[in-house]
Amino acid sequence: MSRALTLRSEGLKWWTFFRISINERLVYRGDFMLGTLMRFLPTLTQIFLWWAIFESLPASGGEEEREIVGYRYGDMVAYYLLITISRAFSSMPGLTSGIAKMVRSGEVKKYLIQPVDLLGCLLVQRVAHKLVYYLIATLPFAFVFYLCRGFFLDGWPEVDVLMVFVVSLVLSFLLGYFLEACLGLVSFWLLEVTSLAFIYMLLNFLLSGHMFPLDLLPEWSRWAMDFLPLKYLAYFPAAVFLGKIDRTEMYQGLMIEAAWVAFFIVLSRILWTRGVKRYSGFGG
């Protein structure tokens, strides 16, 4: 009976955090819909840029034969559209700096004296943030993808591929969260992690596939990308949806992505446990 009451109390606690987080974001993020439409403006630039590039290529058998590393013009535009989805799942704006600020200001003390887990609480807040975002942004996403449906030359992927795509998005969210949480927890040792976060942002922007499909990189560098977690934040879900990864590599990639998530979960717990042991408790 006691164990059942404890589990119920824990569940109620986390549900309360989640409900409050949802309410907060529904109140102050009414700009999500307009902001989402504005995020597609760079994609419009990419459409004209890649149209010019593909137009300049020689075509032996008609325009549909023009390809760059297996990407036709429509595939390239579809890739950039899909990147907006994967990046919306994996991006964690303000997480690293927020954790560092709590450590620096002393606000983190409340997680040491109250029965609330820092990583769990922030994770619930991020889940609420993403749910509210997609609740409000569904209409502009649907509108843009409907207008650009012609760029998806092969239509919808098969069911198993679509399921891997969805799972990879969920894992990219968890990977992005725990990776950036680890960067924030380094502040127990460095206090100021702005430079570290800036370096990560640059590497993430370049190596996650946000700027261009990683297939455009030389063979040796693509091999190196397989040993980094960054490609699973953007490139991997989009490439899965477009069928640019065969089924064997697709499932292998999904397992590697899950392994990276597990690694950063464990690492974040280690950093938290060791960090609080050296925490001095200065600040308000």
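Residues numbered from 1 in each chain as written. Predicted model: local features only at pLDDT ≥ 70, side-chain atom pairs only at ≥ 80, totals over all residues. Heavy atoms only, no water.

Draft legend 1. Looking closely at the environment of Leu230. Positionally, Leu230 belongs in the loop between α11 (219-225) and α12 (235-241). Here Leu230 falls in the buried class, since its relative accessible area comes to 9%. When the C-alpha positions of Leu230 and Leu206 are compared, they lie 9.2 Å apart, and in sequence the two are 24 residues distant. What Leu230 contacts, discounting residues up to four positions off in sequence, is Tyr200, Leu203, Asn204, Leu207 and Ser208. (Helix = DSSP H or I, 4+ residues; strand = E, 2+ residues; numbered from the N terminus. Buried < 20%, exposed > 50% of the residue type's maximum accessible area, 1.4 Å probe, protein only. Contact = heavy atoms within 4.5 Å.)

Draft legend 2. How the structure looks around helix α8 (residues 159-185). Here α8 is 27 residues long and its end C-alpha atoms lie 39 Å apart, about the 39 Å a rise of 1.5 Å per residue gives. The element α8 is extensively covered by neighbouring structure, given that 19 of its 27 residues are classed as buried. (Expected span 1.5 Å × (residues − 1).)

Draft legend 3. Up close: the side chain of Arg87. Examined against the element boundaries, Arg87 turns out to sit in helix α4 (residues 73-90). Glu180 provides the closest opposite charge to the buried, salt-bridge-free Arg87, at an N-O distance of 6.6 Å. At 3.3 Å, the side chain of Arg87 forms a polar contact with the side chain of Asn204. (Lys, Arg positive; Asp, Glu negative; His and termini not counted. Salt bridge = Lys/Arg side-chain N within 4 Å of Asp/Glu carboxyl O. Polar contact = N/O pair within 3.5 Å; in protein donor to acceptor, adjacent residues only side chain to side chain.)

Draft legend 4. Spotlight on the layout of surface pockets. Taken as a whole, the largest pocket spans an internal volume of roughly 840 Å³. If you go around the largest pocket, you meet 36 residues; those closest to its centre are Arg87, Ser91, Met201, Phe205 and His210. Looking at the lining of the largest pocket, the elements that each hand over two or more residues are α2 (32-39), α3 (41-55), α4, α5 (95-105), α7 (118-147) and α10 (194-207). Broken down by class, the residue content of the lining of the largest pocket amounts to 19 nonpolar, 12 polar and five charged. (1 Å grid on protein atoms, 1.4 Å probe; cavity = no way out; pocket = protein on both sides within 12 Å on 5 of 7 lines; lining within 4 Å. Points joined across faces, edges and corners; volume = space filled by probe spheres on them. Nonpolar A, V, L, I, M, F, W, Y, C, P; charged D, E, K, R; others polar.)

Draft legend 5. Representation of α10. For α10, with 14 residues, the first-to-last C-alpha span of 20 Å sits near the 20 Å given by 1.5 Å per residue. Gly209, located one to two residues past α10, shows a positive phi value of around 95°.

Draft legend 6. Here's a closer look at the packing of α5 against α8. Running from amino to carboxyl end, α5 crosses α8 at an angle of 35°, the nearest separation of the two axes being 8 Å. Relative to α8, α5 is oriented so that their crossing is right-handed. Mapping the contact onto sequence places Leu95, Thr96, Ile99 and Ala100 in α5 and Tyr177, Glu180, Ala181, Leu183, Gly184 and Leu185 in α8. In terms of residue class, the contact of α5 with α8 is built from seven nonpolar, two polar and one charged. (Axes fitted to C-alpha atoms, helices over the stretch in contact; angles between N-to-C directions. Left-handed = near helix turned anticlockwise from the far one by under 90°.)

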